[in-house]
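Coordinate analysis (summary)
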Amino acid sequence: MSGNLGFTHDPVIVFEAARLLRENRDIHFLLSGWGIGFDQLREMQSEARLPNVTLVDRVEDDQLETFLSAADVWIIPYRKNVAGVSVPSRCYNLLAIGRPVILVSEADAEAALTVTEHDVGWVVEPGSAEELAKTISRAAGAKDRQRAERASEIAGRFDFETAMTGYCGLIRELAQNKPD
């Protein structure tokens, strides 16, 4: 997990999943970031001292690509009832480097629809560390490279030029269909 952990994120579910998987030596949690949620993770780890969790301060932009490439899969944890409030920009960084994601989110959130539609990871409903732990185990056992390859392939759909073209088209369409 990497990035700003603000009010829309749920780092506790990730920590609790790590607690549930602490005996599995094939799974290690590398958690990096900043924000109130990351401070909470520091406190939890200082008390629990889980051997399968490593906390890393915010990674500088010039080292971010290398850092994000270091993991097999990344977790983006959102709280309940935040679909439409926040779109995880980190998701697009992860797709660009060809990493599948485990998104803790409502199934109708934009990022969850992207993950599901393109099969570039897994979506877990918020609130269940047990379900997240099961999904992490399933992801760890997935030996196919197709998710990572698809992630790289679709990342181009989310570049600046493509996004601006889409926004301009939407604005033109709305302007043409304005109510009288």
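Everything discussed here concerns the structure shown above.
Residues numbered from 1 in each chain as written. Predicted model: local features only at pLDDT ≥ 70, side-chain atom pairs only at ≥ 80, totals over all residues. Heavy atoms only, no water.

All chains considered together, the criterion is met by 4 salt bridges. Between Arg42 and Asp57 there is a salt bridge; the shortest N-O distance is 2.4 Å. Linking Arg42 in helix H2 (residues 36-48) with Asp57 in strand E3 (residues 53-57), this pair joins segments that are 15 residues apart in sequence. Residue Arg42 is classed as partly exposed on the basis of its relative accessible area of 35%. Taken together, the shared-partner salt bridges in this structure form one network comprising Asp119, Arg147 and Arg150. (Salt bridge = Lys/Arg side-chain N within 4 Å of Asp/Glu carboxyl O. Helix = DSSP H or I, 4+ residues; strand = E, 2+ residues; numbered from the N terminus. Buried < 20%, exposed > 50% of the residue type's maximum accessible area, 1.4 Å probe, protein only.)

Two orientations exist for strands paired in a sheet by backbone hydrogen bonds: parallel and antiparallel. Pairing in this open sheet of 3 strands is parallel, and the strands run E1-E2-E3 from one edge to the other. On the outer flanks of this sheet lie strand E1 (2-4) and E3, each paired with one strand and no other. Going from strand to strand, the sheet's axes swing by 25° on average, the running direction of each strand aside. Sheet analysis places E1 next to strand E2 (residues 29-34), joined by 3 bridges and oriented parallel. Bridge assignment links Ser2 to a residue of E2, and that residue is Ser32. Sheet strands in contact with H2 are E2 and E3, and its direction is about 140° off that of E3. (Pairing = 2+ DSSP bridges. Axes fitted to C-alpha atoms, helices over the stretch in contact; angles between N-to-C directions. Contact = heavy atoms within 4.5 Å.)

Structural measurements only, silent on function.
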